Amino acid sequence: MKRAFVSHGIAVLVGLLTLACSKNNDTPGNGNGTTGLKGKLLYTFAGTVSELDLSSNDERVFFTYNTYGFNSWHMSRDYRYRLVSEREPGMYNGVKFTLVNNANGIIADEYDYIGPSASETGVGGQLSPDNTMALISPTLNDGIVITDLDGNHLHHFEGINVNGTTIEIGLGDEALWLPDNGILFTLGERYILRSSPPYTEVSLLREMPYTQWGNLRINNTGTQLCLQIDLHIYVMDLDGGDPVQVTNSKGVELSAAFSPDGRHLVVGKRLGDVTYFNLAIVPNDGKVYDMDNDPAVIIVQPNGDNIPAAVNGQYFWTPSP
């Protein structure tokens, strides 16, 4: 296991949302017709992950899971696999990871993961771009851990030295893979940092002087990052450019994810005072879209449904086969 330190640096926090956006029932993406886009949206709600074909706007069940003991699931960068994390009965010091082939639902691998503190049972993981490692979500006791697909610890980030002060990586921090198997992560609600293999050095991407920000997602080419800042969604280049606001509303946009080609964003937002959120699609062209009124905003609502799709977990946009 390794510890990484950096002598200069810059964080994280997530927010919630409420907002409204309306269209008439003849608008594609509102229960009739098609969205005119390509690919498939996968989204999670109450034990079911649904798949919406954007070319037809038809929905089907992608897979289901037992909500008891379930932690999270994550899609591989090549869309071939999903990595599922769950608390195994009788196991009180770790979690079970299952690697599933998306094409046929066959289990490709499964293993137990026990963190450095042997005390975490609610963690999830992300497959590396080359599908050989897992990035374990940051926790209060363990920081960030990179493992192989047998659960063995390869690298361990516990704290980062910022101007002579060690800041511990904690529960509120986030970590994501970059396309070259590097990682991007947040620290102390103030910094976005990155590290490349062999993960012995850490560099500053950007200081974030905001009271509320987080929910980071990276595009497939590793050139752009989308995130929530204050109440809305911003996009920034990973070369350190300034964040650019791309959504606005009377409410709040919670999070966003890129389309496979990076030309659109699917945005997590709430329609009304509910415990789950909904999805809407906007172009990723540097313009600001009014989520309440802009006709370019497509609400995700499958054919035949009277209300937008409900989401309370992970969501991804994958290409069509």
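A closer look at the overall build of the protein chain
Within the protein chain one finds zero helices and 28 strands. The buried share of the protein chain, taken over its 321 residues, is 55%. When the accessible surface of the protein chain is summed, it comes to about 13,600 Å², and 49% of that surface belongs to carbon and sulfur atoms.

Considerations on the packing of aromatic side chains
Inspection of every chain in the model, using the stated rule, returns eleven aromatic pairs. Between Phe277 and Tyr315, the ring centres sit 6.0 Å apart and the planes meet at 65 degrees, which makes this aromatic pair edge-to-face. Within this pair, whereas Phe277 is found in the loop between β24 (264–269) and β25 (278–283), its partner Tyr315 is found in strand β28 (residues 315–318), the two being separated by 38 residues in sequence. Take Phe277: its relative accessible area is 9%, and that puts it in the buried class. Among the residues examined, Tyr315 registers a relative accessible area of 4% and is labelled buried. Taken together, the ring pairs in this structure connect Phe62, Phe63, Tyr65, Phe70, Trp73 and Phe316 into an aromatic cluster. One cation-aromatic arrangement involves Arg82 over Phe63; the distance from NZ or CZ to the ring centre is 4.0 Å. Here Arg217 stacks its cationic end above the ring of Tyr315, 5.6 Å away from the centre of that ring.

Quick word on the sheet that holds strand β6 (residues 95–101)
The antiparallel open sheet is built from four strands, whose spatial order is β4-β5-β6-β7. The sheet terminates laterally at β4 (70–75) and β7 (107–113), the two strands that pair on one side only. Between one strand axis and the next, the sheet turns by 15 degrees as a mean value, whatever way the strands run. Of the strand pairs in this sheet, strand β5 (residues 81–86) and β6 are connected by six bridges, and their pairing is antiparallel. Paired with Val84 across the bridge in β6 is Thr98.

Conventions used here
- Residues numbered from 1 in each chain as written.
- Predicted model: local features only at pLDDT ≥ 70, side-chain atom pairs only at ≥ 80, totals over all residues.
- Heavy atoms only, no water.
- Helix = DSSP H or I, 4+ residues; strand = E, 2+ residues; numbered from the N terminus.
- Buried < 20%, exposed > 50% of the residue type's maximum accessible area, 1.4 Å probe, protein only.
- Areas by Shrake-Rupley, 256 points an atom, 1.4 Å probe, with all protein chains shown as cover.
- Phe/Tyr/Trp six-rings, centres within 6.5 Å; stacked < 30°, edge-to-face > 60°.
- Lys NZ or Arg CZ within 6 Å of the ring centre and 35° of its normal.
- Pairing = 2+ DSSP bridges.
- Axes fitted to C-alpha atoms, helices over the stretch in contact; angles between N-to-C directions.

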